Amino acid sequence: MKILIGTILVMTFSLSGCSSQKKLVENPPFEMGQATCQSWVGGRPESGSGIKLEIPILLENTDNMKMQQAYFRGKMANIKVRSKDGKLVATANFLNKSLEKPDIIMHEDAKQEVGNQPPKLEEKFPFEISQDECVVSYLDGDKVKYFKIENIKEKKPLIYK
């Protein structure tokens with residue numbers, strides 16, 4: 001009987017834990033213009049490729065709020081706010097993973113394999129969003145909050161020579 005009650009309590013507390021889906025704020029403190037994204041490809045193989053996301057900031061209501069990260073198309077990138085043509089623009093650059101695999105040392109003596117790096121585990125993407133949506137995290141005082149941007153316009157790809 002004690003085991004049954006213990007099992008029920010453990011299951012109740014484990015199911016009532018924090019949800020894996022983050023809570024989104026309906027009205028963010030930032031007034032924004034039309035967000036755009038643009039694929040880019042470097043002129044050399046080692047230059048890489050990625051997607052650049054730009055969010056024009058029209059008005060920032062509070063000085064103590066800081067944009068942190070953007071979640072877009074299954075990837076996460078840090079946001080940099082800069083001035084472009086006299087206006088504030090939040091920019092996130094999502095780099096594509098390199099197709100090149102690192103060298104691995106295989107040797108009968110395990111001590112010779114010390115320099116090998118363990119594989120990086122893929123983290124689960126915390127949001128369910130479509131291809132033209134993005135979630136932005138920001139600090140509001142000491143709390144991290146999230147808001148969603150919809151209808152992101154895609155520009156023509158930029159191919160560097």
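Here, the structure is the one placed above.
Basis of the calculations
Residues numbered from 1 in each chain as written. Predicted model: local features only at pLDDT ≥ 70, side-chain atom pairs only at ≥ 80, totals over all residues. Heavy atoms only, no water. Helix = DSSP H or I, 4+ residues; strand = E, 2+ residues; numbered from the N terminus. Buried < 20%, exposed > 50% of the residue type's maximum accessible area, 1.4 Å probe, protein only. Contact = heavy atoms within 4.5 Å. Areas by Shrake-Rupley, 256 points an atom, 1.4 Å probe, with all protein chains shown as cover. Salt bridge = Lys/Arg side-chain N within 4 Å of Asp/Glu carboxyl O. Pairing = 2+ DSSP bridges.

Q: Explanation requested: the overall build of the chain in the structure shown.
A: Within the chain, the regular secondary structure consists of one helix and ten strands. Per-residue burial for the chain yields a buried fraction of 22% across its 161 residues. Contacts spanning at least 24 positions in sequence make up 59% of the contacts within the chain whose residues lie at least 6 apart. Carbon and sulfur atoms make up 55% of the accessible area of the chain, which amounts to about 12700 Å² in all.

Q: Honestly, the pattern of salt bridges in this entry has me stumped. Any pointers?
A: Pairs may arise between side chains of opposite charge once their charged atoms sit close together. Tallied over the full model, the rule gives six salt bridges. One salt bridge in this structure joins Arg82 and Glu54, with 3.2 Å as the shortest N-O distance. With Arg82 in strand S5 (residues 75-84) and Glu54 in strand S3 (residues 49-60), this pair connects stretches of sequence that are 28 residues apart. Given the relative accessible area of 10%, Glu54 is considered buried. A salt bridge links Lys148 to Glu133, with the shortest nitrogen-to-oxygen separation between them at 3.9 Å. Pair noted here: Lys148 is in strand S8 (residues 143-149) and Glu133 is in the loop between strand S6 (87-95) and strand S7 (134-140), with a separation of 15 residues, a long-range link. Residue Glu133 is classed as buried on the basis of its relative accessible area, which comes to 13%. The network of salt bridges with shared partners includes Lys52, Glu54, Arg82 and Lys84.

Q: I'm lost on the pairing of S6 in this one. Help?
A: Look at any regular strand and the pattern is simple: side chains alternate between the two faces of the sheet. Sheet analysis places S5 next to S6, joined by six bridges and oriented antiparallel. Within the sheet, the bridge partner assigned to Lys84 lies in S6 and is Lys87. Where S5 folds back on S6, the antiparallel hairpin that results is connected by two residues, among which Asp85 adopts a positive phi of roughly 55 degrees.

Q: Would you explain unusual backbone geometry in this entry?
A: A negative phi angle is the norm for most residues apart from glycine, just as the trans form is the norm for most peptide bonds. One non-glycine residue, Arg73, lies in the positive phi region at around 50 degrees. Take Arg73: it is sitting in the loop between strand S4 (65-72) and S5. Phi angles above zero are rare outside glycine, and Asn151 is one such case at about 55 degrees. Mapped onto the fold, Asn151 is located in the loop between S8 and strand S9 (153-154).

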